Amino acid sequence: MSKNRVSRRQFLSYTLTGVGGFMAAGMLMPMVRFAIDPVLQAKAGGNYIPTPQKVADITEVPTRVDFTFEQQDAWYNSEETGTAWVYKDDKGEIVALSPVCKHLGCVVNWEGDKTKPEHFYCPCHGGLYTKDGTNVPGTPPIAPLDVYPYIEKDGYLHLGKAEPKKGA
Amino acid sequence: MKWISQDIDMYIKSKEYVDTAVLPLFPVSLGDDIKQTAAMSEFISLLSIQLERQFRGRLVMLPGFSYLKSFTEDKLVNDIKLWEKELLSKGFKHVFYLTSDSSWKTIESQFEGGLIWLPSLPLEHMDEQYKNTILDDQVKQLLQLFLQKWQSGE
């Protein structure tokens, strides 16, 4: 038996403070989390997806680059494939265009029609885009091809989420 | 366009641009060739996804037509003819059937639509990357076939 004995009053007050503290923490924690939620949220938009394309190998001719990424549909993760047409423009800057036609969403091909060289061609309804992705007037598409933002990492091209072309 | 409400909305809005229907044919058997028919169905359904992605603006990918391998040829011909009649009367100019089951080859000539028969590939042992490349190649070859058909119909 120790000398400083704990009185019944002291024992009860310690216990109650302890238990009350836990309960208060249990209630406050989620509230604080809700309040500062935007800070805790994982950034989905800033993700760049690696592609198998080496930056050094990009030429002036648009080449098709396929890449895979994980797509999350609610709780279901699936492997999705994406495609980009990648080339270097006159100034030596990399351009990565989305292959999805702005008309009804078919996949466009570089020089897909032999009679229309130096153009992206949509096989569905004959949509045409120039090399920089601008739609040719008189063909069905009404907007230029989307552009992927990109970064270079370890010599490989990483692509972000395709965005509508600026200044269009 | 896939057979989902979102894509069908798009179809209703831009009907004049969509003149092609694709019907995948899925064989089902519970006998000795159960695995074979499953592999065929798997291959065709994966291929139809890729094909839809390439041509989504001009074709409607219908939900597959499943049939028992034990059905007689006459029954299959009649069923498909009913589909064909309905599709052609509802404004589709081109109808394609997509299958791995070679028994359709013998009755192909009785249909107005084109039958695309591709031997199924053993996809079960392939990794994802390789699988996609192979399917992409197949779709690229089909691209020519579709273009020819569309050009001849114009």
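Being a predicted model, the structure only gives us computed values, none of them experimental.

So, about a nonpolar patch on the surface. Residues and elements named next belong to chain A. On the surface, Met27, Leu28, Met31, Val32, Ile36, Val39 and Leu40 cluster together into a nonpolar patch covering about 700 Å² of accessible area. Elements with a contribution of two residues or more to the nonpolar patch: α1 (8-35) and α2 (37-40). Per-element accounting of the nonpolar patch gives the leading share, 4 residues, to α1. Along the chain, valine 32 turns up in helix α1. The exposure class assigned to valine 32 is partly exposed, which follows from its relative accessible area of 45%.

The next thing to look at is the sheet that holds strand β9 (residues 156-159) of chain A. All names here are of chain A. Here we have 3 strands laid out as an open sheet, ordered β1-β9-β8, and antiparallel in their pairing. If you trace the sheet from one side to the other, it starts and ends with β1 (49-54) and β8 (150-153), each paired once. For this sheet the average axis-to-axis angle between neighbouring strands, irrespective of direction, equals 35°. Relative to β9, β8 runs antiparallel, the two being bridged by 4 bridges. When the sheet's bridge partners are listed, glutamate 152 is paired in β9 with leucine 157.

Turning our attention to the nonpolar core. If you look at the biggest cluster of nonpolar residues, it comprises 34 residues, and the most contacted ones within it are A:Val108, A:Phe120, B:Val22, B:Leu51, B:Phe55 and B:Phe146. Elements that contribute at least two residues to this core include exactly β3 (76-88) and β4 (94-97) of chain A together with β1 (20-28), α2 (34-55), β2 (59-61), β4 (94-99) and α4 (128-153) of chain B. With residues near it in sequence (within four places) discarded, B:Phe55 still touches A:Cys106, A:Pro123, A:Cys124, B:Leu143, B:Phe146 and B:Trp150. One finds B:Leu23, B:Leu25, B:Ile80 and B:Tyr97 within the second-largest nonpolar core, a separate group that totals 21 residues.

The next point concerns the UniProt feature "transmembrane region" (unreviewed entry) in chain A. Here, the residues flagged by UniProt with the feature "transmembrane region" (unreviewed entry) are residues 12-32 of chain A. Secondary structure across residues 12-32 of chain A comprises 100% helix and 0% strand; the distance between its end C-alpha atoms is 29 Å.

So, about the side chain of B:Gln50. Residue and element names in this part refer to chain B. Tracing the sequence through the fold places glutamine 50 in helix α2. With a relative accessible area of 11%, glutamine 50 lands in the buried category. In this structure, glutamine 50 is in contact with Asn132, Leu135, Asp136 and Val139, ignoring residues within four places of it in sequence.

Turning our attention to the confidence of the model for chain B. The pLDDT averaged across chain B works out to 89; a share of 99% of its residues lies at or above 70. Per-element mean pLDDT across chain B ranges from 84 in α4(B) up to 94 in strand β3 (residues 65-68) of chain B.

So, how was this worked out
- Residues numbered from 1 in each chain as written.
- Chains lettered and ligands numbered in written order.
- Predicted model: local features only at pLDDT ≥ 70, side-chain atom pairs only at ≥ 80, totals over all residues.
- Heavy atoms only, no water.
- Patch = residues over 30% accessible without salt bridge, like charges linked within 9 Å, V, L, I, M, F, W, Y side chains within 5 Å.
- Areas by Shrake-Rupley, 256 points an atom, 1.4 Å probe, with all protein chains shown as cover.
- Salt bridge = Lys/Arg side-chain N within 4 Å of Asp/Glu carboxyl O.
- Helix = DSSP H or I, 4+ residues; strand = E, 2+ residues; numbered from the N terminus.
- Buried < 20%, exposed > 50% of the residue type's maximum accessible area, 1.4 Å probe, protein only.
- Pairing = 2+ DSSP bridges.
- Axes fitted to C-alpha atoms, helices over the stretch in contact; angles between N-to-C directions.
- Core = buried A, V, L, I, M, F, W, Y, C linked by side-chain atoms within 4.5 Å.
- Contact = heavy atoms within 4.5 Å.
- UniProt positions renumbered as here; feature names shortened; annotations may be inferred.
- pLDDT = per-residue confidence, 0-100.

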